[in-house]
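Observations on the three-dimensional arrangement
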Amino acid sequence: MRGLIVAGYGGHAAYSYAVAYELARVGIELDIVLPRGYGYLTKRFEKLGKVHYMTLPRKPLEPFYKGLYKWPIAIAESLKLLREKYDFVFYGGSNFSVPPFIVEKFLKHSRAYTIEDHIHIPTKATRLLHELGATVFLHWVDQLRVYPRGVVVGPVYEPPLYEPWDGGYVLVTTGTVGAKDLFDALVELDVEKAVVKTSDVDPEPYAKKKPNWVFFKYVEDMDKLIAGASVVVVHPGVTALTARLAYGKPVVVVYTKRHAKQYTVAEVKGFAEKINAVFVEEANPEKIATAIDKAKKLDKPSFKNGAREIASILVKD
């Protein structure tokens, strides 16, 4: 059996990695498509299958018109890639999934599956794929109100790659886009050790204020950092799921100005409650400090990893 994983970036890549990991574990041959320009993802995925690259039509939060010229490029690249036949194609979501799905829909080669976001529904790309015939996997039962024909598999998160331990530091990560207001608040905290992933926000000004902390834009092995964290302060992304459910770490979910463009306060608060994490509505130093202390006292919830259920369905169908 042979499958294609259209991975995408950010949280979409995380869903895809979790599913690809479970498929590779049972011996399924995989081709994996990553967006060109996100090379830090390669080392994670190349262990699971043969990696290919494709143009990303639209970057996160980028105005639609800026990527218009990239759509025909992505479709042409999809045509070249999808000449081969696969038993199934798993689309990790986002606009990155749309060009290869359109091509595959025309060729009618393979079974198509996609996954909805673990917080915000419906997302445009996933809804489009679902309406055009893809089976959509859901994290939570309450998502059936939007997708009554969806398949609830449980929260999908990356598997633990390391044994958890306590390295005595606060890990801060804010996904692909970063969150300046959160970093501004964090450097006001009286925390001895912290490791901060700033993504597309310049880390230099913060490193000068906190020379004992570690700052970086991107990292190839986030799992190792999660495994050793005492607490994880995070935006409402898949890393929150992985830190809380795979590694059992105390988690603080902060609602930032940057991520407000993607999620409502109610959506993020509800998500934090589901995983028994502490929700902070604004990037405020005092509130974050209180939340860190509170998070350490909360019990880890118990969920089966939906990625394993997805892999089982892909293999059986």
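Our subject is the structure listed above.
Residues numbered from 1 in each chain as written. Predicted model: local features only at pLDDT ≥ 70, side-chain atom pairs only at ≥ 80, totals over all residues. Heavy atoms only, no water.

**Considering the pattern of salt bridges**
Put simply, the rule is: A pairing counts as a salt bridge when a side-chain nitrogen of Lys or Arg comes within 4 Å of a carboxyl oxygen of Asp or Glu. Secondary structure counts use DSSP, requiring at least four H or I residues in a row for a helix and at least two E residues in a row for a strand, with both numbered from the N terminus. Residue burial is assigned from relative accessible area. The probe radius is 1.4 Å, only protein chains are included, and a residue is buried under 20% of its type maximum, exposed over 50%, and partly exposed in between.
Tallied over the entire structure, the rule returns 15 salt bridges. Put simply, R36 and E77 hold a salt bridge, and the shortest N to O gap is 3.1 Å. One end of the pair, R36, is in the loop between β2 (29-35) and α2 (42-45); the other, E77, is in helix α3 (residues 70-81), with 41 residues separating them in the sequence. The salt bridge involving E131 is made with R127; its shortest N-O contact spans 3.4 Å. One end of the pair, E131, and the other, R127, are both in helix α5 (residues 124-131), four residues apart, so they sit about a helical turn from each other. Under the relative-accessibility criterion, E131 is labelled exposed at 58%. One connected set of salt bridges, linked through shared partners, spans R2, E29, D31 and E84.

**Quick look at the sheet that holds strand β1 (residues 2-6)**
Note the cut-off: Here, any two strands with at least 2 DSSP bridges between them count as paired.
Reading across the sheet, the seven strands line up as β3-β2-β1-β4-β5-β6-β7 and stay open at both edges, with parallel pairing between neighbours. Edge positions in the open sheet fall to β3 (50-54) and β7 (151-152), since each of these has one partner strand only. Relative to β7, strand β6 (residues 135-138) runs parallel, the two being bridged by two bridges. For L138, the partnering residue across the bridge sits in β7 and is V152.

**Concerning the packing of α3 against helix α4 (residues 98-107)**
The condition is simple: Helix axes use the C-alpha atoms of the stretch in contact, all axes being lines fitted to C-alpha atoms, and the angles between their N-to-C directions lie in the range 0 to 180 degrees. Comment on the angle field: the value is read as roughly parallel under 35 degrees, roughly antiparallel over 145, roughly perpendicular from 65 to 115, and oblique elsewhere. Crossing handedness is read from the near helix: turned anticlockwise from the far helix by less than a right angle, it gives a left-handed crossing, and turned clockwise, a right-handed one. The contact criterion used throughout is that any non-hydrogen atoms of two residues lie within 4.5 Å. Each residue gets one label: Ala, Val, Leu, Ile, Met, Phe, Trp, Tyr, Cys and Pro are nonpolar, Asp, Glu, Lys and Arg are charged, and the others, such as Gly, are polar.
Direction vectors running N to C along α3 and α4 enclose 50°, while the axes themselves pass 8 Å from each other. Considering their axes alone, α3 and α4 lie oblique with respect to each other. In the packing of α3 onto α4, the handedness of the crossing is right-handed. Packed against α3, whose contacting residues are W71, A74, I75, S78 and L79, the element α4 presents V98, P99, P100 and V103 at the interface. Of the residues in the contact of α3 with α4, the class split is eight nonpolar, one polar and no charged.

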